[in-house]
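Coordinate inspection notes
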There are 2 protein chains.
Amino acid sequence: MVSVIYAHPNPKSFNHALKEAVIEVLESKGKNYQLRDLYAMGFNPVLSSLDFETFLSGSVPEDVKREQEIIKASELIIFIYPIWWTGMPAILKGYIDRVFSYGFAYEEKDGELVGLLSDKTVVIINTLGASALDYGPSGMEDCLRKTTDTGIFRFCGMHVIEHIFLYAVPYVSDQERKDMITKVKSLLEDLL
Amino acid sequence: MVSVIYAHPNPKSFNHALKEAVIEVLESKGKNYQLRDLYAMGFNPVLSSLDFETFLSGSVPEDVKREQEIIKASELIIFIYPIWWTGMPAILKGYIDRVFSYGFAYEEKDGELVGLLSDKTVVIINTLGASALDYGPSGMEDCLRKTTDTGIFRFCGMHVIEHIFLYAVPYVSDQERKDMITKVKSLLEDLL
């Protein structure tokens, strides 16, 4: 199965168009997929004391369990979200905080933390207001890869096979935005 | 005024002890301060379509306005939070997403985005499960500084004068944790 984890509040956004394009490719390839539209789901992103107590008691909060089952059943997970303040929107950051829990995403083994999701690959599609010139030479793009691809997904054993940065989205022409969508679709078609 | 923005769910946590220590120093120095305990406040971290509409109409959501007024009145802002998955807990990430809005934290001027909070300094106190050996040589600490200090605060014109990384907190001895608190207090005393 393929999971699509999508985090943008606006159904008229470019992120929404990207999500639709990704689903079009999945359907054209006859792929079994699950869309997790975090805003539409009203996902609660705040990891709480009650969550910690539940985890410590050996159990898992209901809404977290549902997401873990979907991720467990996925061989490919596609994340679609805008970069806000050099990171994920809070609703997605909290999805990671709550769903990628100890014992599900990683665990201690012989005094080392090891990832438990090593049979999964990840594709990340990001939109940015910043330009490639802002984020390339300054090293910010490298740091986004490091904090996300390495610090989150690689830590859990997952393999990030594509991390696409779509720069300056609000400032480019309609044609350039269409080209971005075409590029994402053809990239995904080659992967699937 | 000094703002203390604190994000940890557990009142028995080391983060809580750090927050108490910071407040002790502020009180001993007779400083006027405001504590923003995001978990205790039940702060809503999800930037929504309604928020965007409110901002576009030239207004500001009520809960965001309150925070903006506090930040506006502060010359120093102290952030205390654990690093979860190489970033802020979602509740704090969403505080940035919602409160540091266009027109308040930054704006366009002659085709460039400029920070609007240049009269403010920032101190960041982070706890980590990772060790300094994990995060130093690998460049992860540099990327945390880059994404947070540069990508968020510097972008708004703010000056990060201290970013303290307290490593391997769950694995060190009680005495080492006490020493961490002493270090933070003396550092803050020198600053104030």
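The following paragraphs examine the structure supplied in this document. Since this is a predicted model, take the numbers as computed values, not measurements.

Procedures and definitions
- Residues numbered from 1 in each chain as written.
- Chains lettered and ligands numbered in written order.
- Predicted model: local features only at pLDDT ≥ 70, side-chain atom pairs only at ≥ 80, totals over all residues.
- Heavy atoms only, no water.
- Contact = heavy atoms within 4.5 Å.
- Salt bridge = Lys/Arg side-chain N within 4 Å of Asp/Glu carboxyl O.
- Helix = DSSP H or I, 4+ residues; strand = E, 2+ residues; numbered from the N terminus.
- Nonpolar A, V, L, I, M, F, W, Y, C, P; charged D, E, K, R; others polar.
- Pairing = 2+ DSSP bridges.
- Axes fitted to C-alpha atoms, helices over the stretch in contact; angles between N-to-C directions.
- Patch = residues over 30% accessible without salt bridge, like charges linked within 9 Å, V, L, I, M, F, W, Y side chains within 5 Å.
- Areas by Shrake-Rupley, 256 points an atom, 1.4 Å probe, with all protein chains shown as cover.
- Lys, Arg positive; Asp, Glu negative; His and termini not counted.
- Charge placed at Lys NZ, Arg CZ, Asp CG, Glu CD.
- Buried < 20%, exposed > 50% of the residue type's maximum accessible area, 1.4 Å probe, protein only.
- Core = buried A, V, L, I, M, F, W, Y, C linked by side-chain atoms within 4.5 Å.

**Some thoughts on the interface of chain A and chain B**
Across the boundary between the two partners, chain A contributes 34 residues, which contact 34 residues of chain B. Put simply, chain A and chain B have 0 salt bridges between them. The set of elements that each furnish at least two residues to the side of chain A that touches chain B consists of helix H3 (49-56), helix H5 (90-99) and helix H7 (140-153) of chain A. Broken down by element, the side of chain A that touches chain B gets its largest block of residues, 7 residues, from H7 of chain A. Each residue belonging to the side of chain A that touches chain B can be placed in one class, and the counts come to 21 nonpolar, 10 polar and 3 charged.

**Structural notes on the sheet that holds strand E6 (residues 121-127) of chain A**
Residue and element names in this part refer to chain A. Reading across the sheet, the 5 strands line up as E2-E1-E3-E6-E7 and stay open at both edges, with parallel pairing between neighbours. Bordering the open sheet on either side are strand E2 (33-37) and strand E7 (159-166), each of which pairs with just one other strand. With direction set aside, neighbouring strand axes in the sheet form an average angle of 15°. With 5 bridges joining them, strand E1 (residues 2-6) and strand E3 (residues 76-82) adopt parallel strand pairing. Bridge pairing links Ser3 to Ile77 in E3. The strands touched by helix H1 (residues 14-28) are E1, E2, E3, E6 and E7; relative to E3, the strand with the most contacts, the crossing angle is about 160°. This element, helix H4 (residues 62-72), spans E1, E2 and E3 of the sheet and lies at about 145° to E2.

**What to know about a negative patch on the surface**
A contiguous patch of negative charge, built from Glu108, Asp110 and Glu112 of chain A together with Asp134 of chain B, is present on the exposed surface. For Asp110 of chain A, the position within the fold is in the loop between strand E4 (106-109) and strand E5 (112-115). Overall, the relative accessible area of 81% leaves Asp110 of chain A in the exposed class.

**Focus on the nonpolar core**
The biggest cluster of nonpolar side chains holds 125 residues, and the ones touching the most others in it are Phe100, Ile125 and Phe153 of chain A together with Phe100, Ile125 and Phe153 of chain B. Discounting chain neighbours no more than four positions away, the residues touching Phe153 of chain A are Phe79, Met88, Ile96, Phe100, Val122, Ile124, Thr148, Met158 and Val160 of chain A.

**Quick look at the side chain of Gln68 of chain A**
With respect to the helices, strands and loops of the structure, Gln68 of chain A is situated in helix H4. Apart from residues lying up to four places away in sequence, Gln68 of chain A is in contact with Val60, Val99, Ser101 and Phe104 of chain A.

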